[in-house]
Amino acid sequence: KAWYLTLYSSAVTSVVGVYFGWMLFCHGFQEVFSMESALTRGVAWFFLAYCLMDLITGRADYRSDMEYDSGTWHHICYVFILIVLLAGGHTAIFAACLVEEIPTLYLSVTRVNRKNELPLAFACLFFTTRLVFHAVAAYAVLEVSVTFFLIALALLRQHMLWFGKWWSSHGMQAHVQMTLYKKLGLLGGMVVVQICTHVWLLTNHLARGEIRAALTTEVFHICACLYFTVELLKIVQGSYRKGFIHGAIEEWSIIYNVSWEDPAIEIEALGFNEEDVVLTISSAGCNVLDYLVEGVKHVVAADLNVAQLAMLDLKLAGIKTLTHEQFFALWGRSDNWVFEEVYHSVLRPHLRREESKEFWDKNGTSLFENNIMFAGTSGLMAKLFNITAQLTGAAALLQRRTKPAGKNKLTEKVIDACSYIVSRPWLNSWLAPLGGIPDQQLALMSSRPDKVLARFKEIVQTRMWQADNYFYYGYLVGVFSQDCCPRYMSKEHFHKLQDRIDRVTLCHGTFADAAKLRNDFTVLSLLDAMDWMPTEVIADTLAQLIPQVNRPKCRIFWRSLADYVHSPVLAHLEVKEVEIYDRVGWYLSQWVATVPEHYNPTALAAKPQTQVLSNTLLQDAKVAAILVAYGISSKEKDAAKFYAAQGELYDGFRESMLKDRDTLLRWAVPWTQPIKTWVSVGCGTARDVEFVVEQAKQWNTKIFLCDLSPALLKMARARVDRLGLQAQTTFVEGDITKPEIQRLLPSEGCDLVTCSYCVTMIPDWLAALQSMKSMLRVGGLVGIVDFTSRAEDGRAERFLRWWFAHDGVWFNRGHLEWLQKNFATAWVEEGSNRMPYTPLRPAHYVFVGRRES
């Protein structure tokens, strides 16, 4: 219905837009702006009616599919704008801009034909009308009204956001048949056109005396121009950041020319032996071959990128067929003449994968000719390192194995400049893709800028000068040397590798795909892949890997840019930090883990049975009114009546406000271990239960749902019945700090006690937490997610405490401190989220702890 309605509306408005576009071409903006007529007023009323009808249809038939910025908010804004234009007699301005509806016509035709992909033609049409034309129209309307000019700029910003969204979701996908760099080049060209348009319009208007205003107005115009320039550059940066990995995989492009993870660490930490079967990432193949030097039984190397597998494939073929001198010349010095001489006659017949043959047929000569060390995404970073090292003399010093004596002014300046970059997250986000660092991993690094900065200085001053640090030697000098190279390139180990190359299996796919090839893995060397994955993907990965391992012998290794175990799912394992000096240095931590007894990975793959909960604006307003009335009431607070008044609207209002309940229940609580008894304190409507229905059924968990509101418990009963957990569930109405209620709950025999956003609402919170602890057996778990105060006590924090206290919610950092003191911490993290309809961002925490005594 919606897209047919949009098709009809956009067809009518596009026809009118083309007519007025011709009028603009013939007469100019100012004359067309004065052409107020029945046609302009009619089309304004038509579009206003469309917006209202689409809003009504959307709320009635497809509320969950209606996007806020392109649906609800867009239509409400246009209703307001059109009312203003109709009241002021300025509908000709609207009519003059209707050519911007042509992309909507294109979009609606595509959607009516049930096509999801939007081709590049749509982006070009959108860019021409909604960005370039709109910018010209915005400055033209300045001569009519400053207010209309500001509205036009606000709409231009929204158009830019939509354009950026299309580019990241459609423009960077494979169906747009261009390479990543061509797509970025086209986008860059569009950005230049838009910037030039803004600059031309700005200078043109500022140069005209009749509209030259005060200095502050001119400054405003300049700021507007700069702002939109920055917004466009963000689109370029965001597209590159999000697209470089996907683009490399789609285009068979190298990301890593050298594996920048020190294999010596896991070899020593895990104690590799001849019985080990290893699953790892191919990357550039360096670590795979280093494991082979240790004589492991077998290595399965997985990678989603055909180009990375092709690198390892060619190295294996080279080890099998070349002399050591030829192999080192090819991979250590990137001697293209060796490749030209031996590829077709010697190497190609021994490549294992047809895709590898295709890759090297097409790219081999150019990659080795231009130095394999500078190939791929990380190769650009290597080239920058190399140029810097040549300029500062660091390359020559490395070649002479001489560490600089004393202070070198140029070197110090380089260190200071690089330190500045490292400590600025906005600069890191531009440079991270050059090192093959995705957004997820960059966020970990950005959360510890001081430690990253200190580590960087230590690398430059000490670590990179080690005699065997081939990582920095290769990038800074541009080649390896016989005495500073990966072990697989050395003559000492070459003959061992020739006898062992059949112990490697290549797998094009994920870890999970590769794990299916065997069921006797003893080592999972995950490199830094866990940094790349959100928690749910880590959970799915482990759920598929653990069943394929030899549990008594299995060791799991990963390294991280975080200095802590960054995922609650990884914390379910028996984890120990590895304190071995790493030659690379960028990773702030390295970890080895074993699989606990009774560990059940199927719990990680369980999906929540959650409902989509959302209120309308009016429903949220009703709940907000109840909150305000409760807050300003001078009567004694009655929490039961407070919740009863909200009724069915309770969950919808809180869904976007009470964050990370799913994180606590699904991931932080280790459902991989048996949980036979669970008490949910302040259970409310039992929303938390929806996150772990499968887990509770799997362990046949006895659930106690406790709350002091009969209205909320009534909704909880209905939810539990729907989920099929009624036989496992007991409902307890009352305050857990009261002895008579405590007698209805388990005492010192409970496996798990949880509480979601409730402790801050209990006046005697200490008694409540002590009661929760008393229910647990030794080794039992407490899980809490709740609001807290930030460590830094600023004005905003004091306002939040004051505001929430009016609704009976008392922020207190002492809650988390008490938990950490009285339980062994299994998982803790803090975060914040924006409150609906406000700029407020209260802090909250997730804590899981184990009772020790």
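The structure we're discussing is the one just above.
Parameters at a glance
- Numbering of residues starts from 1 in every chain and runs along the sequence as written.
- Only residues with pLDDT of at least 70 get local features here, since the model is predicted, and only at 80 or more are side-chain atom pairs given and counted; chain-wide, interface and lining totals rely on the full set of residues.
- To get the side-chain values, all heavy atoms of the structure are used, and hydrogens and water are removed first.
- What counts as a helix is a DSSP run of H or I of at least four residues, what counts as a strand is a run of E of at least two, and both are numbered from the N terminus.
- Note on contacts: a residue pair qualifies if any of its non-hydrogen atoms lie within 4.5 Å across the two residues.
- Note on areas: these come from Shrake-Rupley sampling with a 1.4 Å probe, and a residue is covered only by the protein chains present in the view.
- Only the contacting stretch of a helix is used when fitting its axis, a line to C-alpha atoms as for every element, and angles between N-to-C directions run 0 to 180 degrees.
- For this classification, under 35 degrees means roughly parallel, over 145 means roughly antiparallel, 65 to 115 means roughly perpendicular, and everything else is oblique.
- Any residue outside Ala, Val, Leu, Ile, Met, Phe, Trp, Tyr, Cys, Pro, Asp, Glu, Lys and Arg is labelled polar, Gly included; the first ten of those are nonpolar and the last four are charged.
- The salt bridge definition used is simple: a Lys or Arg side-chain nitrogen within 4 Å of an Asp or Glu carboxyl oxygen.
- Burial status follows relative accessibility: with a 1.4 Å probe on protein chains alone, a residue under 20% of its type maximum counts as buried, one over 50% as exposed, and anything between as partly exposed.
- By the convention used here, strands pair only if DSSP detects at least 2 bridges between them.
- An expected span of 1.5 Å times one less than the residue number is assigned to each helix.
- This arc describes the spread of directions from the helix axis toward the C-beta atoms.
- Each Phe, Tyr or Trp ring (for Trp, its six-membered ring) is paired with any other whose centre lies within 6.5 Å, and the angle between the two planes then decides the class: stacked below 30 degrees, edge-to-face above 60, tilted in between.
- Patches were defined on residues exceeding 30% relative accessible area and lacking a salt bridge, with like-charge contacts within 9 Å and nonpolar side-chain contacts (Val, Leu, Ile, Met, Phe, Trp, Tyr) within 5 Å.

J.: Quick rundown of the overall build of the protein chain? Include the residues and the values.
T.: When you go through the protein chain residue by residue, the secondary structure sums to 38 helices and 14 strands. Relative to all contacts within the protein chain whose residues are 6 or more apart in sequence, the contacts with residues 24 or more apart total 76%. Roughly 37200 Å² of accessible area belongs to the protein chain as shown, and the carbon and sulfur atoms make up 58% of that amount.

J.: Explain the packing of helix H13 (residues 306-321) against helix H15 (residues 336-347) residue by residue, including any values.
T.: Two numbers describe how H13 lies on H15: the axes approach to 11 Å, and their chain directions differ by 85°. One way to sum up the angle between H13 and H15 is to call them roughly perpendicular. Residues Leu314, Ala317, Gly318 and Thr321 of H13 form the contact with H15, whose own contacting residues are Phe339, Tyr343, Val346 and Leu347. Of the residues that constitute the contact of H13 with H15, the class distribution is 6 nonpolar, 2 polar and no charged.

J.: Kindly report on the pattern of salt bridges, identifying the contributing residues and their values.
T.: When their charged atoms lie close together, side chains carrying opposite charge are able to pair. In the structure shown here, the tally under the stated rule is 25 salt bridges. The salt bridge partner of Arg463 is Glu458, with a shortest N-O separation of 2.9 Å. Note on Arg463: relative accessible area 6%, which makes it buried. Residue classification places Glu458 among the partly exposed residues on the basis of a relative accessible area of 22%. Via salt bridges that share partners, Glu536, Asp540, Lys607 and Arg666 belong to a single interconnected network.

J.: Can you explain the sheet that holds strand E8 (residues 677-681)? Please cite residues and give values.
T.: Taken together, the 7 strands give an open sheet; going across it, the order is E10-E9-E8-E11-E12-E14-E13, and neighbouring strands pair in mixed fashion. Unpaired on one side and paired on the other, strand E10 (729-733) and strand E13 (824-832) mark the two borders of the sheet. Averaged over all pairs of adjacent strands, the angle between strand axes in this sheet comes to 10°, irrespective of strand direction. Bridge count between strand E11 (residues 750-756) and strand E12 (residues 776-788): 6 bridges; the pairing is parallel. Residue pairing for E12: Val753 is matched across the bridge by Val782. Across the sheet, helix H36 (residues 765-775) touches E8, E11 and E12, and the angle it forms with E12 is around 150°.

J.: Now, about helix H34 (residues 710-723): what can you tell me, with residues and values included?
T.: Between its terminal C-alpha atoms H34 stretches 20 Å, which fits the 20 Å expected from 14 residues at 1.5 Å a residue. Here H34 has its buried residues at Leu712, Leu713, Met715, Ala716, Arg719, Val720 and Leu723. Seen from one end, H34 has its buried residues packed into an arc of 160°, which puts them on one side. Gly724, located one to two residues past H34, shows a positive phi value of around 75°.

J.: Before we move on, could you go through the packing of aromatic side chains and cite the residues and values that matter?
T.: Going through the model one piece at a time under the given rule, you end up with 37 aromatic pairs. Centre to centre, the rings of Phe339 and Tyr343 are 4.7 Å apart; their planes meet at 20°, and the pair counts as stacked. Residue Phe339 and its partner Tyr343 are located together in helix H15, separated by 4 residues, close to a single helical turn. Of the residues examined, Phe339 reaches a relative accessible area of 3% and is grouped as buried. Aromatic side chains Phe456 and Trp586 sit 5.9 Å apart centroid to centroid with 35° between the ring planes, which places their arrangement in the tilted category. In this pair, Phe456 sits in helix H22 (residues 449-461) while Trp586 sits in the loop between strand E6 (574-577) and strand E7 (589-594), placing the two residues 130 residues apart along the sequence.

J.: Explain a nonpolar patch on the surface residue by residue, including any values.
T.: Judged by side-chain polarity, Phe799, Trp802 and Trp803 come together as a nonpolar surface patch covering roughly 340 Å² of accessible area. Relative to the assigned elements, Trp802 resides in helix H37 (residues 795-805).

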